[in-house]
Amino acid sequence: MESPYIVIIATGSEITAGRSLDTNSGWMANQLFELGWKVKKFIALPDDPELILSELQNLKELSKTKPVLALMTGGLGPTEDDYTLETVLKLSGKKSYSVEKAKIRLTRVYESRGKQYSDILPTVLRQTHVPEDCKILDNNVGIAVGFVEPIGADSYLVCMPGVPSEMKEMFTRRFTPELKRLYPRENLVQKTKWLWNIGESLYQKDFVEKNRENLFSGVEWGVTANRGYIKCIFQSNDSEKLERIVSELEKQYPKIISDDVFSYVHEELIANQLTIAVGESCTGGLLGKKLTDLPGSSSYFVGGFLTYSNEMKESQLGVSHEILNQFGAVSMETASSMVNGIFEKTKADYCISITGIAGPDGGTDTKPVGTVWIGLKTPDGSVQTHSYIFPGNREGIRENASNTALFLLYQSLKQRNI
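- As named in an unreviewed UniProt entry, the protein chain is CinA-like protein, taken from Leptospira bourretii.
- The record in UniProt for the protein chain states the following under Sequence similarities (unreviewed entry): "Belongs to the CinA family."

Given below as structure tokens:
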């Protein structure tokens, strides 16, 4: 089967007016690339049913010459400017029906809120409707039901909510299996590796360009830049080519290469019945959040301490007044003392401390904004400390620091298995 012409459509007047940023389209494009697909076009449309219908008619016409896959987000809610279903029904000439499971769920929610909500129930039930004879995409996060509607030979329109949390869950758990069924990729093999604290351009210059002729013939490759790491993706029908690329990558970057850190840490801590506790200053709980994002994390995450002030570092984690006065809150000595204090309070197998300057203020010549110290106490009782100067704004520095802390934990867990 010919590969589909993939278009992503974001609807919403708040997007085209510049009041809201469309993050859904980029996220979906990245997910599709990792699944082996390339997006051809992004389209942003206001809440204008005639304009939306016109674009969909163009895609339906295009489907007469090639397979088309259109992914549209937004417009599935209960309000008057939610035009997606109405537009798709005009496009297909179909009628709609209410998905019973979603209808029951919505009814229970609104009736539990009292008469004020019960009175508007008939209006909001519109978000439980889908075209007849479509493929339903259940919404486990919200109410609005997604669906896959045929628009031509091997061509489909996928409609999902615009709320990012709802769209991402629906895309990952409901649409991805459907995509693989609709467009099977025979013999496509993919390898993904992460490289830490290296820029995309430097990686491309030092590895891709250097090995383009002898390694990358017949291989699709891409890079996704994240805070603290880049995700290197390789795809081919020849698995041996990918094995050679990964082998060379591991040789060139032995100290900064990893697999999916978040999944590995989660699985290893559970499998080995290990516990972890954290103490955070500049990251403000972000590391704790990342450690508890996946279900089952309660089996290993003991808890954490948010010690922004020196007083809290002293009272909660036992960092001495002398250490803070002599070396400062952002120092090897403080990070080490924090991690020992975490252990004394929790007795966790792994303890991680983070202290740094996230900015935009607070930097000095010797400790500029972005300076971060990370402490790691391992089950054998040893303490490691690592210093970094992370680039970017406050958000970027905090993300970099928390992600890098997980990478250090990943390396320690990996070492246990050698």
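Resuming the write-up.
1. Things to note about the overall build of the protein chain
Moving on, step 1. Each helix and strand counted, the protein chain has 16 helices and 17 strands in total.
Moving on, step 2. Residue burial in the protein chain is summarised as follows: out of 418 residues, 47% are buried.
Moving on, step 3. Intrachain contacts of the protein chain at a sequence separation of at least 6 include 69% that bridge at least 24 residues.
Moving on, step 4. Total accessible area computed for the protein chain in this model is approximately 20200 Å², and 48% of it derives from carbon and sulfur atoms.

2. Here's the deal with the nonpolar core
Moving on, step 1. One finds Ile-276, Leu-291, Ile-352, Ile-354 and Leu-409 to be the most contacted residues of the largest nonpolar core, which totals 33 residues.
Moving on, step 2. Mapped by element, the contributors of at least two residues to this core are strand 9 (189-196), helix 11 (261-271), strand 13 (276-280), helix 12 (286-291), strand 15 (350-356), strand 16 (371-377) and helix 16 (394-416).
Moving on, step 3. Two domains each provide a minimum of three residues to this core, namely domain 2 (189-258) and domain 3 (261-416).
Moving on, step 4. Leaving out residues up to four positions away in the same chain, Ile-352 has contacts with Ile-276, Ala-277, Val-278, Gly-279, Leu-287, Val-339, Ile-342, Ile-374, Gly-375, Leu-376, Ala-405 and Leu-409.
Moving on, step 5. If you look at the next biggest cluster of nonpolar residues, it comprises 27 residues, including Leu-53, Leu-89, Ala-102 and Cys-134.

Cut-off values and rules
Residues numbered from 1 in each chain as written. Predicted model: local features only at pLDDT ≥ 70, side-chain atom pairs only at ≥ 80, totals over all residues. Heavy atoms only, no water. UniProt positions renumbered as here; feature names shortened; annotations may be inferred. Helix = DSSP H or I, 4+ residues; strand = E, 2+ residues; numbered from the N terminus. Buried < 20%, exposed > 50% of the residue type's maximum accessible area, 1.4 Å probe, protein only. Contact = heavy atoms within 4.5 Å. Areas by Shrake-Rupley, 256 points an atom, 1.4 Å probe, with all protein chains shown as cover. Core = buried A, V, L, I, M, F, W, Y, C linked by side-chain atoms within 4.5 Å. Domains from an automatic or database assignment.

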